[in-house]
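Take a look at the letters that make up each chain.
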Amino acid sequence: MGGRHGPNKRTSHEWPGRELELLAERIFRELENQEAQVKHNDHILGHLSGTHRQIDVSIRWKDPAGEPHLAIVEVRDWQRRADITHLDKLASVMRDTRADRGVLVCNSGFTKPARTYARNLGIELYALHDSATGRWLEILDLPVLWTTLTPVVLPTFTHTALAGDTIYADDRNSFFANLSDDGGNTRIRLLERFAKEWNAGRLPRDGGQVNSRKPMHIYVKDAQGHPHWRPVSNFLVTYRVERRHWLGRITPTVSRGLVDVLDQRIVPSYTDVPLTRDETWSEIDDPDAVAVRLRGRFHTLEDAVMDPKAHSLHDAEIRNAKTGELERPAP
């Protein structure tokens, strides 16, 4: 993050490191969801300095409540490893721009003190893998521990039913009720909404709970058959994460993505090899034992993409606020 302020019209010779910056932009654009804005050579006004700070790659997105967030990526195409002074510079720019997330990319690696410092600061360290340019191709020749993370989603809430009210299931996703957070103008798709946040990496991978900041309503018909949107309370989506592990190798001819230096895992953004496992992959129960046996000479690939169409909410439940009993939807 130097002092460049001109338009992106210089050649790679005039702009050292530009090729790696553009590769970083491409990879992060592929990894982020479509609503995120990924920009190369951005200039962001510092809240403390009052000057525009040059950012190699910026990522902007909004959370479910509509709050904006910012990630800044610094890219260094050097022959030497990055050290703690570069992390200090990145941390300073993060404070000035009020960035939520900081990323440092260096094609030559990082010193041991820098790795320790980054972990304590919460800054991510990456190398870039791109088979087209030959960068880091040897990484994919190592054994790969492939972990799938599957969230199991359970929404719960309380509904004060009136005499004769009937709940109707959502025919779109087998959910037991129709819900809305805008007074009934639109029906929300719980699984699609959850999957959007999960796939963007904004939810903890070890399980947790997600609340709605907007008032929720449930669709019912009263005793006379008239439709209503009744208010619900205590709306909460709880989820746990099921993990399975496989050991094998990946040798694509065309691939690119991130190599997480701190966690020693591959985060692919593109590969010409379908993400499927054949008979050469072995499912294992204890990944820690594999780590000891291989003495760290492997990388992990985390497959945490959720397809909402492959999930259901049959196990969801609703309780009557007066009786505390479970309610069932009309068939």
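Residues numbered from 1 in each chain as written. Predicted model: local features only at pLDDT ≥ 70, side-chain atom pairs only at ≥ 80, totals over all residues. Heavy atoms only, no water.

1. Digging into the overall build of the protein chain
The cut-off we apply is this: To qualify as a helix, a DSSP run of H or I must reach at least 4 residues; to qualify as a strand, a run of E must reach at least 2; elements of each kind are numbered from the N terminus. Think of it in three bands: residues with accessible area under 20% of the maximum for their type are buried, residues over 50% are exposed, and the middle band is partly exposed, with areas taken using a 1.4 Å probe on protein chains only. Contacts between residues were defined by any pair of non-hydrogen atoms, one from each residue, lying within 4.5 Å. Accessible surface area values rest on a Shrake-Rupley calculation with a 1.4 Å probe, where residue burial reflects the displayed protein chains alone.
Broken down by element type, the protein chain carries five helices and 16 strands. Counting all 331 residues of the protein chain, 45% fall into the buried class. Of the contacts formed within the protein chain by residues at least 6 apart in sequence, a portion of 68% connects residues at least 24 apart. Working note: accessible area of the protein chain is about 18000 Å², and carbon and sulfur atoms make up 48% of it.

2. Quick word on unusual backbone geometry
One non-glycine residue with positive phi stands out, namely Arg98, at about 60°. Note that Arg98 resides in the loop between helix H2 (84–97) and strand E4 (101–106). Despite not being glycine, Asn234 shows a phi value in the positive range, around 55°. Inspection of the secondary structure puts Asn234 in strand E11 (residues 227–248).

3. Looking at helix H1 (residues 18–31)
Rule in force here: To estimate the expected span of a helix, count its residues, drop one, and scale the result by 1.5 Å.
For H1, spanning 14 residues, the distance from its first C-alpha to its last is 20 Å, which sits close to the expected 20 Å at 1.5 Å a residue. Looking at H1, one finds that the buried residues are Arg18, Leu20, Glu21, Leu23, Ala24, Glu25, Ile27 and Phe28.

4. A word on the nonpolar core
The criterion, for reference: Each nonpolar core is a collection of buried residues, namely Ala, Val, Leu, Ile, Met, Phe, Trp, Tyr and Cys, held together in the definition by side-chain atoms within 4.5 Å.
Leu179, Phe194, Trp198 and Ile218 are the most contacted members of the largest nonpolar core, which has 23 residues in total. Within the residue set of this core, elements represented by two or more residues are strand E6 (144–159), helix H4 (190–199), strand E10 (216–221) and E11. Beyond its immediate stretch of four places on either side in the chain, Phe194 contacts Pro151, Val153, Leu203, Val210, Val237, Tyr239 and Met306.

5. Regarding the packing of aromatic side chains
The condition is simple: Pairs were defined over the aromatic rings of Phe, Tyr and Trp, the Trp ring being its six-membered one, requiring ring centres within 6.5 Å. Orientation was assigned from the angle between planes: stacked under 30 degrees, edge-to-face over 60, tilted for the rest. The criterion for a charge sitting over a ring is simple: Lys NZ or Arg CZ within 6 Å of the ring centre, and within 35 degrees of the ring normal.
For the coordinates displayed, the defined rule picks out seven aromatic pairs. Centre to centre, the rings of Trp146 and Trp281 are 5.3 Å apart; their planes meet at 85°, and the pair counts as edge-to-face. Note that Trp146 is positioned in strand E6 and Trp281 in the loop between strand E13 (265–271) and strand E14 (282–284), a separation of 135 residues in sequence. We note that Trp146, like Trp281, is buried. Seen from their ring centres, Trp198 and Tyr239 are 6.1 Å apart, and the 80° between their planes marks the pair as edge-to-face. One end of the pair, Trp198, is in helix H4; the other, Tyr239, is in strand E11, and 41 residues separate them in sequence. For the pair shown, Trp198 and Tyr239 are each scored as buried. An aromatic cluster is built from Phe194, Trp198 and Tyr239, whose rings are joined through pairwise contacts. For Arg80, the ring lying beneath its charged end belongs to Trp78, and the centroid distance is 4.8 Å.

6. Remarks on the environment of Leu104
Residue placement: Leu104 occurs in strand E4. Remark: the alpha-carbon pair of Leu104 and Val73, spanning 31 residues in sequence, is separated by 5.9 Å.

7. What about the pairing of strand E2 (residues 52–62)?
Our working rule: DSSP-based pairing: two strands are paired if at least 2 bridges between them are found.
Here strand E1 (residues 37–45) runs beside E2; their pairing, made up of eight bridges, is antiparallel. Looking across to E2, one finds that Val38 is bridged to Ile59. Adjacent in sequence and paired antiparallel, E1 and E2 are bridged by six residues, among which Gly50 carries a positive phi angle near 75°. Direction of pairing for E2 relative to strand E3 (residues 68–76): antiparallel, over a ladder of six bridges. Across the sheet, Lys62 pairs through a bridge with Pro68, a residue of E3.

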